[in-house]
Amino acid sequence: LVVALLEKAAAVTEAAEGGERASWSAEYATLKLAPTYWKAAQNGDIDALERCLADGQPIDQLRPSKQHRMTALGAAVLHGQLHAAALLVARRADVNRPSAEQGLTPLHLASRHADGEECALLLLGAGASALETASNGESALDWATRHERPRVASLLRTAETTQRAAAELRTAMAPGWVLPGSA
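Basis of the calculations
Residues numbered from 1 in each chain as written. Predicted model: local features only at pLDDT ≥ 70, side-chain atom pairs only at ≥ 80, totals over all residues. Heavy atoms only, no water. Helix = DSSP H or I, 4+ residues; strand = E, 2+ residues; numbered from the N terminus. Expected span 1.5 Å × (residues − 1). Buried < 20%, exposed > 50% of the residue type's maximum accessible area, 1.4 Å probe, protein only. Contact = heavy atoms within 4.5 Å. Core = buried A, V, L, I, M, F, W, Y, C linked by side-chain atoms within 4.5 Å. Salt bridge = Lys/Arg side-chain N within 4 Å of Asp/Glu carboxyl O. Phe/Tyr/Trp six-rings, centres within 6.5 Å; stacked < 30°, edge-to-face > 60°. Lys NZ or Arg CZ within 6 Å of the ring centre and 35° of its normal.

Once that is clear, we can look at helix 10 (residues 150-172). Given a rise of 1.5 Å per residue, 23 residues ought to cover 33 Å, and the 33 Å separating the end C-alpha atoms of helix 10 matches this to within 8%. When we look at burial in helix 10, the residues that qualify are Val152, Ala153, Leu155, Leu156, Ala159 and Glu160. Structurally, helix 10 contributes buried residues whose contacts are with helix 7 (106-112), helix 8 (117-125) and helix 9 (140-146).

Below, the structure is given as structure tokens:
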């Protein structure tokens, strides 16, 4: 199902019909879309998301509001909308873009909810960093543990270990050194 959604989203053209687009800013987004884009993400309204993106909505723009300033991907994940999250990931949304207030990444938001395991898998598969920390220094694993989400915590523990090992290996490798059998 996720693969089919990703393939469908990848096939949709990102260019809006009709040529020139307005310069996007928080003010323009407020006037043009009000909260339509972010509400579509949090409600899983794929058609509305596609219309907003076709109209030129920047995919990673934070919601232009005084609170809950997060991306549409963050909103989709926060509300457990796997299909909307898959569409946004397929359209190359930044899986590590933090919210404005607390610096929460979409992976933090997935780790907070009982149904976040599928969203966490989607995000990790798209390259989300399990090592990112929020403004308070907590990782997504810390959040999953605090919110008693053992399956998500187990997934994130494995991802953290793997990502740390990969980072250590990159650091330890001499420039130009190639792993045996990879050439």
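So, on to the nonpolar core. Judged by nonpolar contacts, the single largest core of 46 residues is most densely connected at Tyr37, Leu73, Leu88, Leu107 and Leu123. Those elements that place two or more of their residues in this core are helix 3 (36-43), helix 4 (46-54), helix 5 (72-78), helix 6 (82-90), helix 7, helix 8, helix 9 and helix 10. Ranked by residue count, the leading element in this core is helix 6, at seven residues. With residues up to four places along the chain from it excluded, the contact list for Leu123 reads Leu73, Val77, Val89, Val95, Pro106, Leu107, Ala110 and Ala128.

So, about unusual backbone geometry. In this structure, Arg92 takes a positive phi of about 75° despite not being glycine. Considering the arrangement of structural elements, one finds Arg92 in the loop between helix 6 and helix 7. Judged by its relative accessible area of 69%, Arg92 is exposed.

Right, let's get into the pattern of salt bridges. Evaluation of the coordinates by the stated rule reveals three salt bridges. Two residues, Arg146 and Glu138, come together in a salt bridge whose shortest N-O distance is 2.5 Å. We classify Arg146 as partly exposed; its relative accessible area is 46%.

Counting through the fold element by element, Gly125 comes out in helix 8. Taking the C-alpha atoms as reference, Gly125 lies 9.9 Å from Val89; in sequence the two are 36 residues apart.

For the rest of this paragraph, the subject is helix 6. An α-helical segment advances 3.6 residues per turn. Residues three or four places apart therefore align on the same side. Within helix 6, eight of the nine residues are buried, leaving the element largely enclosed by the surrounding structure. Every buried residue of helix 6 is accounted for by Leu82, Ala84, Ala85, Ala86, Leu87, Leu88, Val89 and Ala90. Just downstream of helix 6 lies Arg92, where phi reads positive at about 75°.

The next subject is the packing of aromatic side chains. Following the criterion strictly, the structure yields one aromatic pair and no others. Centre to centre, the rings of Tyr37 and Trp38 are 5.0 Å apart; their planes meet at 80°, and the pair counts as edge-to-face. The pair formed by Tyr37 and Trp38 is uniform in burial state, with each residue classed as buried. The cationic tip of Arg146 hangs over the ring face of Trp143; the distance from NZ or CZ to the ring centre is 5.2 Å.

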